[in-house]
Amino acid sequence: MDYEVLVIGSGPGGYHAAIRAAQLGKKTACVEQEYVGGVCLNVGCIPTKALLHVAEDLREAKHAKSYGIDFGEPKVDLKKLEAWKSGVVQKLTGGVRSLLKGNKVDLIEGRATLKDPHTVQVGDRSVTAEKIIVATGSEPIEIPGFETDGERIVNSTGALLVSEVPKRFLAIGGSAIGLEFSDIYHALGSDVTVVELMDEIVPTADRDAAKELRKSFEKRGIKILTSTKALNQKKTADGIEVTLERGGERETLVVDKILVAVGRKPRGTGLGLEEVGVTVERGFVPTNAHMQTNVPHIYAIGDVTKPPLLAHKAMKEGIVAAEHAAGKPAAYDTIVPAVVYTSPELASVGMTEQEAKDAGHKVRVGVFPLAASGRAMTLGVSEGLVKVIGDEETDLLLGFHMVGPAAGDMVAEAALAIEMGATLEDISLTQHAHPTIAESFMEAAEAAHGMAIHVANKRRR
Ligand SMILES: Cc1cc2nc3c(=O)[nH]c(=O)nc-3n(C[C@H](O)[C@H](O)[C@H](O)COP(=O)(O)OP(=O)(O)OC[C@H]3O[C@@H](n4cnc5c(N)ncnc54)[C@H](O)[C@@H]3O)c2cc1C
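Because the structure is predicted, anything quoted here is derived from the model rather than measured. (Residues numbered from 1 in each chain as written. Predicted model: local features only at pLDDT ≥ 70, side-chain atom pairs only at ≥ 80, totals over all residues. Heavy atoms only, no water.)

K.L.:
Give me the side chain of N155: which residues, what numbers.
P.N.:
With respect to the helices and strands, the residue N155 is situated in the loop between β8 (153-154) and α5 (156-160). Looking at N155, the relative accessible area reads 18%, which means it is buried. (Helix = DSSP H or I, 4+ residues; strand = E, 2+ residues; numbered from the N terminus. Buried < 20%, exposed > 50% of the residue type's maximum accessible area, 1.4 Å probe, protein only.)

K.L.:
Can you break down the UniProt feature "binding site: FAD" (unreviewed entry) in the protein residue by residue, with the values?
P.N.:
If you check UniProt for "binding site: FAD" (unreviewed entry), the listed places come out as K49, T136, G137, S138 and D303 in our numbering. A maximum C-alpha distance of 22.6 Å is found for the annotated residues, which run over 255 residues; spatially they are spread out rather than grouped. Filtering the just-named annotated residues for those lining the second largest pocket gives K49. Position of K49 relative to the elements: it lies in helix α3 (residues 45-63). Excluding its chain neighbours within four sequence positions, the residues that come into contact with K49 are E180 and Y341. On the secondary structure map, D303 appears in the loop between β17 (298-300) and α8 (311-325). For D303, a relative accessible area of 17% translates into the label buried. Other than its neighbours up to four places away in sequence, D303 contacts G137, S138, R264, P266, F284, L309 and L310. (UniProt positions renumbered as here; feature names shortened; annotations may be inferred. 1 Å grid on protein atoms, 1.4 Å probe; cavity = no way out; pocket = protein on both sides within 12 Å on 5 of 7 lines; lining within 4 Å. Contact = heavy atoms within 4.5 Å.)

K.L.:
Describe the site of the ligand, listing the residues and the values that go with them.
P.N.:
Around the ligand there are 40 residues in total, and G13, E32, K49, D303 and A311 lie nearest to it. Between the ligand and the protein, one listed contact pairs an oxygen atom with a backbone N or O atom of Y35 at 3.4 Å. Measuring from an oxygen atom of the ligand, one finds a backbone N or O atom of V39 at 2.9 Å. Summarising the interface, the protein chains cover 97% of the accessible area of the ligand, which totals 1,000 Å² for the free molecule. Contributions of two or more residues to the shell around the ligand are made by α1 (12-23), β2 (28-32), α2 (38-43), α3 and α8. For the shell around the ligand, the element with the highest residue contribution is α2, accounting for four residues. Split by residue class, the shell around the ligand holds 17 nonpolar, 16 polar and seven charged. (Near = heavy atom within 4 Å. Polar contact = N/O pair within 3.5 Å; in protein donor to acceptor, adjacent residues only side chain to side chain. Areas by Shrake-Rupley, 256 points an atom, 1.4 Å probe, with all protein chains shown as cover. Nonpolar A, V, L, I, M, F, W, Y, C, P; charged D, E, K, R; others polar.)

What follows is the structure, encoded as structure tokens:
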């Protein structure tokens, strides 16, 4: 055998698996067909977060007028912005290359297909391995009638290249990707509409949190059309005429650019997996808790296994697969935080109120509005909330949902609390520094017991 562990794909899942396998002394290779670092580093998490930071700066500059600082009308140099964003991506992907090299992982560039259960073909090279970890990720879903042309109708990759600011921008899909780009284009000056098929944006989020984010988007003038379907489009000289269907009624919307962000599909087919006996279901590769497929020496991790399609889930699964492949008793058994990096951010971990009820819990809910937070006021923030869900009988924290500044960082405390089996009382008893946004978590836990200090207590069950 050429290698003890061979990883297909170098995204967050793949490079974590390869590095950990090498750290555990395994002779390891990683195959990549397109870009080292995968979707997250090249066309996903990192470049979107860079643009969202710019959007935040633009909004802050405008907002500063309300407390006496006028920076004037911002001028955005799109070429410079692109160069900066690409620079961030290059630095990080270059970093992953050096990390692979530093850990003595052989990087094999090319497209991998399985020839037999232990042989992977890359171009004209056959590579054999004792264990194989599949980390091939996912790609955008297209919708019929809205085929992307890379210019006027784009997917997330196309939307990342802001060569001009469209006057009218439409996002089809009101989840993380659609909302993050809506935030970016609106801050750059586009008139933005979001169309979502379900009756609320971010359908996987807690309803109160999603509503709060929606309120904030609408307040700044972003139009959100829920329970609405984009039916078809026609390109005209004046723009793109989109037909929408809402409550049985049809209406037309004319825009200049459309982002299709209705979800992503796993890349589990076309690799030869099924041919060597690995089960593939609608493109996903099912695994057990050790990340093994039904063929025990072939593992799968990340977007190709199952939702949620998130980078940190892929990373953790990569570590589990590598450790198990190296003979350790590793298993994946953790809760997954989720963050929408808009301004304000929406972050959550654990169960939504509805999920807790559906699971048979008698729930205890505490909400703390950021309007009552001194720290939020000093930051000029008047919207947002922290909502905690606890179990009435055991007082265990079941879920945390937040809309507000740095919610994505705040969610780490809640994830730790749930992992450690913390009760709402444990959170109330933990002294939080004042004034901080983090105090809102403590006060939400207190509110769940009707004991918050900075808000009138409405106990909800
Ligand atoms: C616009 C956008 C923003 C996002 N923002 C966030 C965020 O902020 N936070 C978050 O957690 N997640 C985010 N995500 C999701 C995140 O990018 C993915 O969950 C993550 O990249 C999945 O990692 P992965 O290792 O499973 O696969 P990928 O990152 O998809 O990597 C798979 C790699 O495998 C390679 N490959 C595929 N087939 C083969 C083959 N046959 N041979 C060789 N190589 C192959 C591909 O070229 C690719 O490089 C975002 C996604 C998008 C699109």
